[in-house]
Protein chains: 2
Amino acid sequence: MSQQAQQLFDRHRGTLAQAVEAIATREFWTPYPESIKQYPEEAVKEAPQRFEALLKRHFSLKVPSVAGQVGSEVSPYGFELGVTYDQPERDALIAAMRAALPAWRDAGAEARVGVCLEILARLNAMSPEIAQAVSHTSGQGPLMAFQAGGPHAQDRGLEAVTCAWQAMSSVPATASWVKPQGKRDPLVMEKRFHIVPRGISLVVACSTFPTWNTYPGLFASLATGNPVILKPHPGAILPLAMTTRVAQEVLEEAGFDPCLVSLMPDSAEEPVAKELALDPAVKLIDFTGSSAFGEWLEHNATQARVFTEKAGLNTLIIDSVERIEPVAQNLAFSLSLYSGQMCTTPQAIYVPRDGIQTSEGRLSFDEVAGALAKAIEAFLADNERACTVLGAIQSPATAARIEECRGLGEVLLDGERRQHARYPEARIHTPLLLKVDASQRDAFSEERFGPIGFVVATDSTAHSIELAREVIGEQGAITLGAYTTDDEVAERFEELAMEVAVALSLNLDGGILVNQSAAFSDFHATGGNPAANASLCDQAFVTPRFVVVQSRRHGQLD
Amino acid sequence: MSQQAQQLFDRHRGTLAQAVEAIATREFWTPYPESIKQYPEEAVKEAPQRFEALLKRHFSLKVPSVAGQVGSEVSPYGFELGVTYDQPERDALIAAMRAALPAWRDAGAEARVGVCLEILARLNAMSPEIAQAVSHTSGQGPLMAFQAGGPHAQDRGLEAVTCAWQAMSSVPATASWVKPQGKRDPLVMEKRFHIVPRGISLVVACSTFPTWNTYPGLFASLATGNPVILKPHPGAILPLAMTTRVAQEVLEEAGFDPCLVSLMPDSAEEPVAKELALDPAVKLIDFTGSSAFGEWLEHNATQARVFTEKAGLNTLIIDSVERIEPVAQNLAFSLSLYSGQMCTTPQAIYVPRDGIQTSEGRLSFDEVAGALAKAIEAFLADNERACTVLGAIQSPATAARIEECRGLGEVLLDGERRQHARYPEARIHTPLLLKVDASQRDAFSEERFGPIGFVVATDSTAHSIELAREVIGEQGAITLGAYTTDDEVAERFEELAMEVAVALSLNLDGGILVNQSAAFSDFHATGGNPAANASLCDQAFVTPRFVVVQSRRHGQLD
């Protein structure tokens, strides 16, 4: 192993040990503070200028051979980024990666993990700057762009490195195999075991969480020895370009080929993901995005292991509550946060048509729906806070969908356009909340990505559970929220969660939203329903990324 | 958990702990002795009668609803078994398994592992009897049928249970997640984590190693909570029927539905594997057999995780040796054992056309090839030993292939029919060894299953390595044997092994054959080349068989 890489591993050994411990206990832990106050004041202050200095320029990275230039990102806050990027010539890039692979493989798990942890540490230090790029590509509000785009994304990257480390270090480098032969001398075999990467890894990123959804695949593949091509969404290239630059710097300093992490940007007009995904050298694919493309990858890129996170129908079931206000407030936040553009945002809220029990008496269906609409209205009354929470709508198609969906039910709360104090062109919309009947299944039972929610009148909680079982069984889901004051009903929700393989959040009415997912503790998606075939981050996410190749020869007893 | 299951877990806890340790060190270990002398004398003595008592009768198992009867096994030693089996009605079986799943899932990892270990312990005690059934379906000689069909198969089953145990027990059942909030009270979430099986598991077995290649998938799936359908090869049903009976007995005694392990026998005329494999309830498929069907499964059964072991081109490269005799003797055994019907038997033997260096001087290509032919002849000179080592040819197609291949090269050693002392109709054939040139690639570069070997004249060892790289890259391989006295060349073999992801056996000239693979130490196949997409047994073999479903709710600080 290179001396530099060994130093990196030694530097971060303590963090790795803590991460191993956190994953085993699944208790709260992170090495990357989520409070911006804990970052150097200067870095925070300078971040906007540093971001602006990147605009209207070429962003250079190490590229074996340049095919052309791309880049036409537009901030959802209403201005063109004007950044251009080199698009690598594909065959030259793949050839360069194949050439770089053996040295990266032979460096061993410690060297690779050391490099990965150093990349993450440097990304962490850059969080304020990365937050700017995440905000002005995804549209996330500044606080969320900082947390989800910075430390929380880095957490998920570290989690993936740690899982990979556990998987690799469970295989010894060597073994002496001594088989007794009765009175004769034993048979002795000396064995070596090598961690061998699958090949080239392709990460196809999304526009809403360009770092959070990309780091797990990037770091799981890189740590296990696979060169990684990052294929950003054409609308959110910059955060991954910045990530690639850091990765290339660390790789080069440690004596490796920087092209082991390479950016392959493209344009909406000339997408490259399909061709890349079918390249025989590509053996691993991580994808976040539409079900259509995710399923296409699963069925067509059969030369690769494909890890997908797709669309789903996140679901809430309300059976009964102590008090409706804290529940409505919690859900108002859930539905508003980043304008419903999270893969964890609930869309369908099942409520019995004859209402629910509370400790303050019975509430009719309309009272429950009304409380929810009112809570959203109140939560977003202050425009400055609303703009921060809502962020901007990433794509014009999502903004258009709000209007398209208005006719699908009775409007409980209309979505409205908001004006951002600093960015008058920002695409900011409050949630549209509709009332529908369970029989209007076409309306609510497919994903309507964006700030669009449905309060669905069901016959009973049993009916709500049955509907959820069917719809999630067909469409998948990443989150299931449920409310009940009855322990027996709570167990039925737990049973439902197992049946459709979705994470359950029960009776959230405080400082945690169903949308939130904490690395080292919460598994993000289960991989067991149509919304995702993988989980962030379990052993099944890392173990298929390498194979063990052994050799054996006769040996002598010591 | 049921009290019975807890008792089973407690009974086998020590074995499990030792297995965990063995997998971590990959040193020699087994709880199942491979010497028949270590089994009760009576069990060994009675085995043939017990086997005969099963013949010409119906073999009964627990079946929810019977669709019909099948069974027309013929011993490769030349007699009809005359055993019939119930074929379950498919939809009824799947419905029964779905109904049985929740209790098996909710019993938890300890209960399931306890049941699995008890099944294995009982199978171990029955090894002499199972050996009879394995021998008279696969054709394996009695010693091999005992070892590979009994203890070695059980080793692989235990290895799979142990890997599953490690994967499941790395996830805690509960966690308290306490997130500091500065001066405010911390956020507290109480979390539960459930191991949730994928669904119904289908194991499609082969005729040559009906237990050894079936137990890993069976036990990996069962331990992780999945009901398992065993679909035996129509020619080798009995060993899996016996296995199913034991599994059903243990399941029932422990309070579970016996149909959690069910046999789905079929006939060559009306095969059921394809339909079963596409059933939406089937979420896991383990397959051993032809590349054609394995690839069909990989491409078509996309609703399931598919683990395949297919055909490949096992390869030997001879660069140089100390002395040719012990090498030729070792290879003679390798090529003769079970008439080359092992998935690990070498087929192509690359030797430079200008010969090789030995410590006793240079040997020409023809001298090397001749030494090998002579060693096989000598090894099989004693007919009784020959019959024991060769076993019988499982299928008439394999026997016919020997004749079909005679014209593919120059005959170095002709295959001959042998007469078994007790079974005159037994299909016993010695190996055919052919000499070909590297340019005759069509002859040697596809799998010719059975006792057929090719000594291939190459330009040099570098050329041998290049050929192996290309052919294994295209066709895959499970084993690579190589001989050299030069450390630098040895490192090139090691590099080749990593490039094509195949296990390397270097300079075997003693009591170990390239064919042999020891559980807890040797990984059987890597999953990284076309011969197999999975390895027996690594974490990638078990982790995709379950998902983790969590729930979380607000909690209080203790």
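See the structure above.
So, a few notes on the structure that sits alongside this text. (Residues numbered from 1 in each chain as written. Chains lettered and ligands numbered in written order. Predicted model: local features only at pLDDT ≥ 70, side-chain atom pairs only at ≥ 80, totals over all residues. Heavy atoms only, no water.)

## Re the packing of helix H4 (residues 108–125) of chain B against helix H9 (residues 238–253) of chain B
Residue and element names in this part refer to chain B. Running from N to C, H4 and H9 point in directions that differ by 135°, and their axes come no closer than 9 Å. The angle between H4 and H9 falls in the class oblique. Where H4 crosses over H9, the two elements pack in a sense that is right-handed. Listed contacts from H9 to Val115, Glu118, Ile119, Arg122 and Leu123 of H4 are Thr243, Val246, Ala247, Glu249, Val250, Leu251 and Glu253. Here the residues of the contact of H4 with H9 are counted per class, giving seven nonpolar, one polar and four charged. (Axes fitted to C-alpha atoms, helices over the stretch in contact; angles between N-to-C directions. Helix = DSSP H or I, 4+ residues; strand = E, 2+ residues; numbered from the N terminus. Parallel < 35°, antiparallel > 145°, perpendicular 65-115°, else oblique. Left-handed = near helix turned anticlockwise from the far one by under 90°. Contact = heavy atoms within 4.5 Å. Nonpolar A, V, L, I, M, F, W, Y, C, P; charged D, E, K, R; others polar.)

## What about the sheet that holds strand E11 (residues 282–288) of chain A?
Residue and element names in this part refer to chain A. One open sheet accounts for five strands, arranged E10-E9-E8-E11-E12; its pairing is parallel. Unpaired on one side and paired on the other, strand E10 (261–263) and strand E12 (305–309) mark the two borders of the sheet. Pairwise comparison of adjacent strand axes, ignoring direction, gives a mean angle of 15° for this sheet. Both strand E9 (residues 228–231) and E10 contribute to a ladder of three bridges, which runs parallel. Bridging across to E10, Val228 finds its partner in Val261. Its contacts with the sheet place helix H9 (residues 238–253) against E9 and E10, and it is angled at close to 150° to E10. (Pairing = 2+ DSSP bridges.)

## Structural notes on the relation of the copies chain B and chain A
Relative to chain A, chain B is turned by 180° and slid 0.0 Å along the rotation axis, the superposed coordinates differing by an RMSD of 0.0 Å. One copy is carried onto the other by what is essentially a two-fold rotation axis. Nearest to the rotation axis, the C-alpha of Ala540 of chain B is located 3.3 Å from it, this being the minimum over chain B. A high fraction, 100%, of the interface residues of chain B reappear at the interface in chain A, so the copies pair face to face through one surface. (Least-squares fit on C-alpha atoms with pLDDT ≥ 70 in both.)

## A word on the packing of helix H1 (residues 3–25) of chain B against H4 of chain B
Residues and elements named next belong to chain B. Running from N to C, H1 and H4 cross one another at 70°; their axes reach a closest spacing of 7 Å. On the basis of their axis angle, the class for H1 and H4 is roughly perpendicular. In the packing of H1 onto H4, the handedness of the crossing is left-handed. Taken together, the residues of H4 that come into contact with H1 (itself represented by Ala5, Gln6, Leu8, Phe9, Arg11, His12 and Leu16) are Glu110, Ala111, Val113, Gly114, Val115, Leu117, Glu118 and Ala121. Of the residues belonging to the contact of H1 with H4, the class tally is nine nonpolar, three polar and three charged.

## Digging into unusual backbone geometry
The linkage connecting Leu536 of chain A with the following residue, Cys537 of chain A, adopts the cis geometry, with an omega of 0°. Secondary-structure assignment places Cys537 of chain A in the loop between strand E24 (503–506) and helix H19 (539–542).

## Examining the pairing of strand E25 (residues 546–554) of chain B
Most of E25 of chain B sits out of view: eight of its nine residues are buried. Judged from the three bridges that link them, E24 of chain A and E25 of chain B form a sheet pairing that is parallel. Bridging from a neighbouring strand, Leu506 of chain A pairs with Arg553 of chain B of E25 of chain B. With nine bridges connecting them, strand E7 (residues 184–197) of chain B and E25 of chain B associate as antiparallel partners. Opposite Lys191 of chain B, over in E25 of chain B, you have Arg552 of chain B as the bridge partner. (Buried < 20%, exposed > 50% of the residue type's maximum accessible area, 1.4 Å probe, protein only.)

## Re the sheet that holds E7 of chain B
Spatially, the ten strands line up as an open sheet ordered E18(A)-E21(A)-E22(A)-E15(A)-E13(A)-E23(A)-E24(A)-E25(B)-E7(B)-E6(B), and their pairing is mixed. Each edge of the open sheet carries a strand with a single partner, namely strand E18 (410–413) of chain A together with strand E6 (174–181) of chain B. Taken over all neighbouring pairs, the strand axes of this sheet differ in orientation by 25° on average, direction set aside. Strands strand E13 (315–318), strand E15 (348–352), E18, strand E21 (432–437) and strand E22 (452–458) of chain A of the sheet are contacted by helix H13 (residues 365–379) of chain A, whose axis makes an angle of about 170° with E21 of chain A.

## Structural notes on the packing of aromatic side chains
Throughout the structure, instances matching the rule amount to 32 aromatic pairs over all chains. Seen from their ring centres, Phe9 of chain B and Trp165 of chain B are 5.3 Å apart, and the 45° between their planes marks the pair as tilted. Of this pair, Phe9 of chain B sits in helix H1 while Trp165 of chain B is found in helix H7 (residues 151–169), placing the two residues 156 residues apart along the sequence. Pair check on accessibility: Phe9 of chain B and Trp165 of chain B agree, each one buried. Both rings, one in Tyr39 of chain B and one in Phe146 of chain B, keep their centres 5.1 Å apart while their planes meet at 85°; by these two values the pair is edge-to-face. Linking Tyr39 of chain B in the loop between H1 and helix H2 (41–54) with Phe146 of chain B in helix H6 (residues 142–149), this pair joins segments that are 107 residues apart in sequence. Across this residue pair, the class does not change: Tyr39 of chain B and Phe146 of chain B are buried. By the ring-pair criterion, three or more aromatic residues cluster together here, those being Tyr77, Phe79 and Tyr423 of chain A. (Phe/Tyr/Trp six-rings, centres within 6.5 Å; stacked < 30°, edge-to-face > 60°.)

## Description of the interface of chain B and chain A
The partner chain A presents 71 residues to the 71 residues of chain B that form the contact. Across the chain B/chain A interface, buried area totals approximately 5800 Å², and carbon plus sulfur atoms make up 54% of it. It is Phe28, Met498 and Arg552 of chain B in chain B that bury the most area against chain A; as a group they hold 13% of the surface buried on that side. At the boundary of chain B with chain A, the tally comes to 14 salt bridges. Close ionic contact of Glu34 of chain B with Lys179 of chain A constitutes a salt bridge, the shortest N to O distance being 2.9 Å. Counting every contact that joins chain B to chain A gives 49 residue pairs in polar contact (both at pLDDT 80 or more). Broken down by secondary-structure element, the contributors of at least two residues to the side of chain B that touches chain A are H1, helix H3 (90–106), E6, E7, helix H18 (487–499), strand E24 (503–506), helix H19 (539–542) and E25 of chain B. Residue contributions to the side of chain B that touches chain A peak at eight residues, all from E25 of chain B. When the residues that make up the side of chain B that touches chain A are grouped by side-chain class, the tally is 31 nonpolar, 22 polar and 18 charged. (Buried area = accessible area lost by both parts, 1.4 Å probe. Salt bridge = Lys/Arg side-chain N within 4 Å of Asp/Glu carboxyl O. Polar contact = N/O pair within 3.5 Å; in protein donor to acceptor, adjacent residues only side chain to side chain.)

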